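# Observations on chain architecture
Next come the chains, spelled out residue by residue.
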Amino acid sequence: MSIKMSDEQIGVNHTTVFVEGELDIFTIETLIEKIDRLSVTRCNVNLDGVTFIDSSGIGLLIRKVMDWKEEGRILTISDMQPVVYEVMEEMGAFIILEEVYSQ
Amino acid sequence: MMKNADANAAETIVIPTNRLSAELKEAANVQKVLLQHEAPSCFLLDCKGQSIPAHYLGGDYYGFIYEEEKQKYWVFTGDVMGKGIPAFAKMAMLRTAIRTLAPQCKGPADLLEKVNATLYEDLKLLKSFATLFCGMYNLTDNTFTYASAGHPNAILKREGKASEFLKANGIAIGFLPNRTYSEKILDLKPNDYICVFTDGVLEAMNEDKKQFGKEKIIEIVNEHSDYPTLIQTITEQVLTYSNFEQRDDVTMVTMKRISH
């Protein structure tokens with residue numbers, strides 16, 4: 001089980017991280033560490049290449065979105081495959097994210 | 001006497017491996033007591049549960065509470081984020097909250113709200129969360145009320161009909177404070193049953209990295225006619241599917257209305 005990541009600078013303070021592979025409790029830390037190393041104020045995590053995500057992967061990603069919000073930075077998640085979207089929806093992830101973004 | 005943090009850290013490092021191993025085994029015994037108990041006997045219901053941790057210890061939870069004087073029978077299935085010892089410790093927190101709060105609650109939505117309010121601060125500090133399905137059978141009118149905090153949808157199997165998912169919306173426990181939850185209600189007729197499971201069942205993977213998935217569970221439930229062996233059958237198929245390489249805890253609970 002592994003993930004691949006790459007990033008693309010959008011602007012001075014804006015980047016996108018592209019993730020490929022399976023995001024679970026074993027691999028999510030790699031993504032979190034990459035996000036932690038970023039110094040930009042806005043980042044989008046593109047999950048288009050993610051074929052599997054478990055609840056731990058979703059949960060830790062949501063926690064990171066909350067951490068960024070507390071720091072005054074914006075972390076977003078986009079381009080989920082239907083299989084990933086379904087798991088996130090069942091867990092209530094979009095309700096949580098909507099509330100976090102609107103605070 | 002107080003010790004400084006370094007002294008404590010040094011003390012932690014020199015714990016002998018055999019002592020750790022003994023403590024792990026003891027913790028696994030505690031887990032058995034917390035999880036693998038018989039469902040309380042009830043003349044109207046036949047309830048069963050099973051949890052198989054992926055490691056010595058796991059974060060999955062299931063349980064039942066029969067409030068005979070109130071004619072309520074509760075069923076719970078939960079999953080705390082993480083693996084091993086930390087997940088087990090948080091599962092014990094979740095179980096305590098549920099068992100303490102359930103007798104004070106009107107129904108599943110009320111319970112989820114109170115469990116979330118109770119555990120929110122701790123789970124926030126631990127950067128963790130839990131999913132939880134809560135169902136309550138009312139013996140006076142034979143209704144089943146349920147609510148979900150981010151848990152995989154349960155299955156309803158009515159006698160002679162194809163099974164269906166019980167959709168419920170609600171966020172996992174521990175992310176946001178002061179949450180309310182919605183609940184749904186249905187009639188449970190004789191021989192109808194509910195099947196609840198954790199994501200370890202759905203996400204079991206075969207060699208081609210294909211998940212076991214919801215369709216397979218529905219298929220098994222539809223074709224299976226021997227209720228007492230349903231959990232065992234699903235578990236065997238899940239473990240066989242993943243070639244016995246279990247990535248996550250596999251937990252299931254069933255509740256059937258007995259015909260009289």
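Above this note sits the structure.
Rules used in this analysis
Residues numbered from 1 in each chain as written. Chains lettered and ligands numbered in written order. Predicted model: local features only at pLDDT ≥ 70, side-chain atom pairs only at ≥ 80, totals over all residues. Helix = DSSP H or I, 4+ residues; strand = E, 2+ residues; numbered from the N terminus. Buried ≥ 20, exposed ≤ 12 C-beta atoms within 10 Å, placed from the backbone. Pairing = 2+ DSSP bridges. Axes fitted to C-alpha atoms, helices over the stretch in contact; angles between N-to-C directions. Core = buried A, V, L, I, M, F, W, Y, C linked by C-beta atoms within 7 Å. Contact = placed C-beta atoms within 7 Å.

This paragraph deals with the environment of asparagine 29 of chain B. Note that asparagine 29 of chain B resides in helix 2 (residues 17-35). On the neighbour-count criterion, asparagine 29 of chain B (10 C-beta atoms within 10 Å) is exposed.

Note: strands within a sheet are paired through backbone hydrogen bonds, in either parallel or antiparallel orientation. Residues and elements named next belong to chain B. Taking strand neighbours across the sheet as the criterion, the five strands line up as 2-3-4-5-8 in an open arrangement whose pairing is antiparallel. Looking along the sheet, the strands with just one partner apiece sit at the ends: strand 2 (60-67) and strand 8 (184-187). Going from strand to strand, the sheet's axes swing by 15° on average, the running direction of each strand aside. The pairing of strand 5 (residues 143-149) with strand 8 spans four bridges and is classified as antiparallel.

We now examine the nonpolar core. Counting 90 residues, the largest nonpolar core has Phe76, Leu112, Leu132, Ile173, Cys195 and Val201 of chain B as its most contacted members. Beyond its immediate stretch of four places on either side in the chain, phenylalanine 76 of chain B contacts Tyr61, Tyr62, Gly63, Ile98, Leu132, Phe133 and Cys134 of chain B.

Before going further, it helps to spend a moment on the pairing of strand 9 (residues 193-197) of chain B. All names here are of chain B. With five of five residues buried, strand 9 is to be regarded as a mostly interior element. The alternating pattern of strand 9 places Tyr193, Cys195 and Phe197 and Ile194 and Val196 on opposite faces, both of which are buried. Examined bridge by bridge, strand 6 (residues 154-157) and strand 9 share three bridges and lie antiparallel to one another. Paired with isoleucine 155 across the bridge in strand 9 is cysteine 195. Looking at chain direction, strand 9 and strand 10 (residues 250-257) are connected through five bridges and run antiparallel. Looking across to strand 10, one finds that isoleucine 194 is bridged to methionine 255.

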